[in-house]
Each structure stands twice: as C-alpha cells, then as structure tokens.
Amino acid sequence: MRFPITPFSSLSRWVKIPLIIAGSLLLLLVAGWIVLALYIQSNKKHLLESITSQLNENINGKVAVEDMSLALHGFPGISVGLENVTLRDSLWQTHRHDLLHAKHIYVSVNVLSLLKKKPKVRDVNIADASVYIYIDSSGYTNASVFAKKDNKPKEKKKKQPEISHISFTDVELALDNRTKKKMFRLDFRTLVAAATYNDTGWVAQTREDVVFKDFTFNEEKGSFVKNKRLRARLTLHFDNKLKALFIPAQSIKLDDDELTFWAKFMFNTSPPQFSLKFTARQILYKNAVALTSPNIQQKLNLMDVKDPVDLYTFIDGRIKFRDTPIVRVNWVVKNNVFITPGGEITNCSFTGSYLNSKTPGWGTNDKNSLISVPVFVGNYSGIPFKADSLLIENLIQPVLTGNLQSSFKLDKLNDAIGSEALNISKGNAMMDLVFRVGLSKDDPSPPFLKGYVSIRDLGFTYLPRNISFNNSDVTLFFTGHDLLVRKTKLQSKSSVLFVEGSILNFLNLYYTAPEKILLDWNITSPLINLNEFQSLLSARAKAKAPPTVKASRGAGRVASQLDVVLDKSNANMKLNISKVVYKKFTAKNITAMMLLDQTGITIRNARVHNSDGLLNLNAIIDQRGKINDVALKATVDNVNVKKFFAEFSNFGQTALRSENLNGSLSADINAKTQITDDGQVVGGSMFGAVHFMLKNGELTKFEPFEKIGKFLFRNRNLEHVTFRDIQGRFDLQGNSIKINPLRVESSAFTMAVEGVYGLKGGTSIFIDLPLRNPKKDADILDDSLRAIRSMKGIVLRLQAVDGSDGKVQIKLRTGTRKKAEYLRKEEEKAENK
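Cut-off values and rules
- Residues numbered from 1 in each chain as written.
- Predicted model: local features only at pLDDT ≥ 70, side-chain atom pairs only at ≥ 80, totals over all residues.
- Heavy atoms only, no water.
- Salt bridge = Lys/Arg side-chain N within 4 Å of Asp/Glu carboxyl O.
- Helix = DSSP H or I, 4+ residues; strand = E, 2+ residues; numbered from the N terminus.
- Pairing = 2+ DSSP bridges.
- Contact = heavy atoms within 4.5 Å.
- Polar contact = N/O pair within 3.5 Å; in protein donor to acceptor, adjacent residues only side chain to side chain.
- Phe/Tyr/Trp six-rings, centres within 6.5 Å; stacked < 30°, edge-to-face > 60°.
- Buried < 20%, exposed > 50% of the residue type's maximum accessible area, 1.4 Å probe, protein only.
- Core = buried A, V, L, I, M, F, W, Y, C linked by side-chain atoms within 4.5 Å.

Chemist: Tell me about the pattern of salt bridges, and name the residues and values.
Modeler: Tallying each qualifying case throughout the model produces 19 salt bridges. One salt bridge in this structure joins Arg813 and Asp768, with 3.1 Å as the shortest N-O distance. Linking Arg813 in the loop between strand E39 (808-812) and helix H13 (821-832) with Asp768 in strand E37 (residues 764-770), this pair joins segments that are 45 residues apart in sequence.

Chemist: Could you give me a rundown of the pairing of strand E18 (residues 383-393), with the residues and numbers involved?
Modeler: Across 10 bridges, strand E17 (residues 370-380) lies against E18 in antiparallel orientation. If you follow Tyr380 over to E18, its bridge partner there is Ile383. Between E17 and the antiparallel strand that follows it, E18, lie 2 residues; Ser381 among them carries a positive phi value of about 50 degrees. By the bridge criterion, 7 bridges tie E18 to strand E19 (residues 399-409) in an arrangement that is antiparallel. Paired with Asp388 across the bridge in E19 is Asn403. Between E18 and E19, which pair antiparallel one after the other, the connecting turn spans 5 residues, and Asn394 there sits at a positive phi close to 55 degrees.

Chemist: Tell me about the pairing of E17, and name the residues and values.
Modeler: Where strand E16 (residues 343-355) meets E17, 7 bridges bridge the pair, whose relative direction is antiparallel. Counted as the bridge partner of Ser353 is Ser372 from E17.

Chemist: Break down the environment of Ser525 for me, with residues and values.
Modeler: Position of Ser525 among the secondary structure elements: in strand E25 (residues 518-529). When neighbours within four sequence positions are excluded, Ser525 is seen to be in contact with Val496, Leu497, Asn576, Ile577 and Ser578. In terms of polar contacts, Ser525 uses its side chain to reach the backbone carbonyl oxygen of Leu527, at 2.8 Å.

Chemist: Account for the packing of aromatic side chains, naming residues and giving values.
Modeler: Taken as a whole and assessed by the stated rule, the structure comprises 13 aromatic pairs. Aromatic pair Phe338 and Phe376: ring centres 6.0 Å apart, planes at 55 degrees, arrangement tilted. Of the two residues, Phe338 is situated in strand E15 (residues 326-340) and Phe376 in strand E17; the sequence distance between them amounts to 38 residues. With relative accessibility at 14%, the residue Phe338 sits in the buried group. For Phe376, a relative accessible area of 9% gives the class buried. Ring geometry for Phe350 and Phe376: centres 4.6 Å apart, planes at 15 degrees, overall stacked. Of this pair, Phe350 sits in strand E16 while Phe376 is found in strand E17, placing the two residues 26 residues apart along the sequence.

Chemist: Give me the nonpolar core: which residues, what numbers.
Modeler: Counting 161 residues, the largest nonpolar core has Phe376, Trp521 and Leu769 as its most contacted members. Excluding residues that lie within four positions of it along the chain, Trp521 makes contacts with Val485, Val499, Glu500, Gly501, Ser502, Ile503, Ala571, Asn572, Met573 and Lys574.

Take a look at the structure:
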C-alpha cells in the first residue's frame, strides 16, 4: 500500500500555521545553539578564565581546566565538555595529591529549563579520572578545598538542579586516611545512574562494574574484597517524606558468585541508620573467605568446606564515626566435607550463626561476639558423631562449649589419632561428654569435661612397652577437671587386672605439665603372669606406629599430646593380687604399692607369700641407663630354702643349689644390683649384705662335702648332713661373696668358716675342721661351751680355693694362721660367763 505525498501547499491553513511556528522555533533554537557555540569557541580563553576564576573564589585551593567545548547532546540540550580538569587544595605542595584529575567531564543541561530559570542537568559524565581524598596524620584533608572561605558572606540557599543521569567511565576513587590507617580504592570501570523524580522522591536505575582494589580498615590486617569485581543492575528508591533510601532485594555478582543484596538507609534520625542484607546461596567457602582481610583469611584458611554452602549476612548500624554495626551471619551446610587441620569430617551437616553483640549494652566487638551451632553431625575417620549446643564466646579469648555424643568401632581411632603409643585392634566405644575448652594457645583456663566414655571388648597394644591386652573393658568418667576410672578390666594372655582409680586435675595437666600427671590406681587380680609384662623392666621406648597405621593426622593438638602424656605421665598403683608367676617364681596373696615414673619403678611395702614363707620387699629400679639399677631392701621370713633358691635361680651362683638344700630360711637383705631388660641379674653387679638364719637345715649331695668324705669322716654320712640353726652374714661384693666368721654345727662335723667365695674366681675360704665327732658334745646345751669343746683334739686347717677345672677344691693350709675369729669370740663369751 502506498501513501500519497501531500504537497505542503495543499494543506489547510490551520495545519500550516502550527507547522510554520514549530519550524520557526526549531530554526531559532538551532540558530541560537550555533551562535552560542560560535561565541564559546571564539571566546573560549576568556570564558575558561572566567569560569576557573569563579570556581576558585569559592574553594580553598585551585581549579585548572585545560580546554572546553560545546556540543549537541539530547536536543534541545547542550553539553559542555571540560578537558584535563585538576582540583588541588592549598597544601598540595606538601602532600602532592590531586583531589581530582579528570581527562574528560561532560555536563548536559536542558535548554528549555534554562529559559524557565529552573536548570535541569540531564547528564553528568566523568571519564578517565581519579579522585584521591587524602587525610594526613594530623587530621587535615585535601577535601577541605570545598570549605567556605571566611570572608564570603552567607548566601541564600538555592534549590540545587536535579541530575537525571550520571555516569563514570574508568574512574578511580581513593580514600587515604593516614590518621586511622585506612585505604579504600575503587576502580569504576562503568557506573551509570538514571533518576526519575516525582513528588514523593525519586527512583534511580543503576548499572555498575566496579573493582575493589583496596578496602582496608586497618593497614596491619590488610584489605577486604581485595581485587574483587562487582557487577550489578540496581533499582534505588528515595522517599522525601521518610528521608529514606531503599534498595530492594536484587542480584549482584561478585567475581563469579551471585549474591542477593538488600539495603535501607534512614536519614531522618541522628545519626542516620542503615540496614544491609547479603544472601549467598551455594557459595564456595574459599570464595567467601577470600572476601575477608588477610589476617582473617589466615585463620579461616586452616579449614575448608568442599562443596558450596548457604550464607546469610545482616548488618545494622549508624552512619557515625567509630560506630561498629551489629553483624549477624547465618549459614547452612548440608552433606558436605569439612576439612580441618586434624583431618576431614565427611557427611557433615550443620547450621550456625555469628553475632557480634551477644549481650545488649556491652557493645559490638569481638569480646561480645558469639558463634552458635545448634547441631553438628559428621563422620571423622569412620567415626560418626553428633555435637549439639556448640558455642564459641569472646573471640578475643575464645572458649568452645558443647555436648559430644558418639558410638563407634575403636579401631577407627588408629587413623583418627595416628598415635605412636597405642595401636588398637578391636573394641566398641560409646561416649556422651559435655565440654568447655579454650581455643587460644595462651588461654590460662583449664579445659572442662563432664560425662562418660564406655569401651567394651577392647584389644590394644601399648607400643612403648610392647604390652598387649584383649577382651578388655574400660569405663571413664570425667567430672570436670578430674578423670575417674571405674569397672575396668584389662586382660592379656593369661593375666587379668581389675582397675579402679583416678587422675586429679587431669585436663589441666594434660597440656601444661604432662610429667605431673599421676595415675592413682587400685589394681586387683586373680593372676598376673609377669612374663607377659617383662618389658616393664626396660626403659620406655619411642615406638613408631606400625605400617598399617597412617601417618598421624591426629586430632590435631589433642592427638599429638596423647603420646606425650602416655610417655611422661606417672602411675601410682596399689596392688592386691592373688597369684603372681614369673619364670620359676610363684607368689600368692601379694600386696604392694608401686610407682612408675620417668626414672623407673619404685616398689614399697610389698608383701609376698612365697616358698611357704613371707617376703617383705622395698625396691627402686632406675631405668635411666642402658642397664637397670636396682636398690633392694627385703626381709625373708621362714621360707622353704629349697623352693626359695629354685625360684630365684640360685641367686646367680652355682656352688650351692636348690637341689642340695632343705630347711627354713629367714634373712634381711640390703643390696644393690643391676638387671637386664629381660629380668636377668647382671653378673658381678650385686653389692650389699645378707643377714640370715637357717633353721632345720639339710645339705644333700653337696659336692664339697662329698670331696671331704673321700679322705675324712668315712664313717660319717656326708651325703645327707643336718645342721643346727645357722646364723651369719654374707657381704655381697660384685663377683665375690665375703663369708663373715661363721660356725657350722652339723650331724657329721663342726667347723668354723670365713673367707671369700669368688663367683668368677678368687675363692679363698678358710675352714677350721676338728676331727672330733659332734655326737660327743650333743648333750652340751651352752653354745659357747659346745663351741670350745668341739675344737678339742685334732683340728684340720683347710682352705677352699679355685681348682684348675674351675671347681672349688679343698686343700690343707700351710703356714700359721690365727685362731678362727668365730672360735675366739666364743671363748671370750665362755670366759665372761
């Protein structure tokens, strides 16, 4: 279809007149604009000088404009362009920071609004510019360039023009505050704002593309949102009546993360108030952390959350100097992996919140801050757990409180704690604990733990001692700072121990002084086989975890400290044992106090029923050297000497053996010796004294007597010799035993003995042996008289020495020798009587 072109001449008169008037006005405006442009161009220098002069009259500094131009911009509007505009304050020579340097500034004004004397600025565009607001250490700022000069009279306030469109292109804005050590630098790649005004206020549509170069509140802590790019399209509402600026919930993009932003600013209060809300759904934890300052990142980067989480941030505050807003942050984590320095927590779900104003009236600060996690569930190295009521208060000196519950297979702890002291093979555990612990290294308050840990069917090896237990049960009660052990059974191959005890101030000493930890145990047992605990005689080994156990990821600080505690702590044990077996030794009804500490083992007031008699023992085993030093004090009361010698392996000598002996032995022993890690006495290490009494003694097939019988006393029975009570003292001197003067009265002979028996040679025992038959003096009851009478007649002077075959040989003594010391003393007794 074609529309006919109607000639202007054919139009009616009433149509022509308006068109002529409109065309004339348009030609008039264009002509006026051309005249204005020619005027500006021909008088540019004068106009620039006039404009800059007027601008400089109202500021405390200097404005410089290199060039200006005029162009059509949104007809019927005019646009004035200023080139290379510089604004400096009066002290620029001191700090040398331009408040403004812009290559291009364009201002567009509606011509009709000028004619109405109500100028309407349509557009303001600033391009390729930098704004640098500088505040020095004394508080002076180059922004004081806008302060009114004192000599200028106050002018009547004029209505400011309404700017409908403003834009920044490649504008860098900086605020450098040396007083408070703050630096803010924003790079506006694009900022466009278009406003619509009405009777109630205005509505603005904005589009921004901004890079946060620096957002530093404290130079020592670094910048927030460093080098982060913000892109958004926002709608803003301003209400004149409420004097409030509203930014409805809208999407923004920070780098590649989309957030929802909402804001409200109330200017009708003094000081003005504001509220902000940020919602980040499915944001990566590391991306959220990257928005914080380096000092915060350093702490938060110790952990991570593998998959995205939901974050909700609320900020309410006042626009006031040194006013800290109220900050609330909520988060939701579902079926995620929580990565900590101690390992990964899988299948992790929890919600939580942060608030920096826990108690109203105490301010908005770290000390009044609170982190709350109502419920936390997860799985740590195969150990499922649930924690509730988790709170972290006072971020200056943070304290974590909560309740922990779990039920799991104990062998999972090997990977969880990576201990070099314990290797767990089996068992089941249940726990329910309320805890409070300081999170700062310098926190002086001791940890608090209340609740129980129940362990059943436990199997484990204590690696430093290489001691294993199976089918054991342990019940631990925490009462706050102390640890109680109840209903605990430890079972090795054939030994069973029932343990009750406590560790006072355990949680405090756990970290501060593990060497002061004292395990106070009551141990009862129907049977202990010491052969299974022989490693207790050796020093604690620095055992390594077996290859099946992964390198210690620990439970961080707790796990690494566990090995230290097990290595350095001490145990004070009260023993009540029905039966003890060690090699050939068997004892019954044992009671004792035993202390295990860093230096070794101390045994106090041990009572042992052995060999049909009673042993009382005190001993100290020093394990600090390569060989264990032993200090021993013991009393032996009426033990069967045959059994006694057999069970103690003849005390390391071969001259007098258990198969030769009978009788009842009592003794006081005070000696020092050394034993190896497998419980063997080190040869030549025994020093001390033994006071003894042998009652109803018998010697059977004693080789030295049999040798004497070959050439003496052939008519007397030397294969089986009975003795009257023998009382004497032996001095233990390493590789020799000194026999102090000793009188022996037997069924076969009487003799006086003294000298040295060498365990490795050097034997020299003097024997005075009368040929008189003891039966002739059997009716003499006085010991002294009987001793004198027995030495009447022929007395053989014999000496026991080492033979060439290594055995003891008897020979006649040569030379003279004083009378036997024992006999001399008996004669003195008789004379006194």
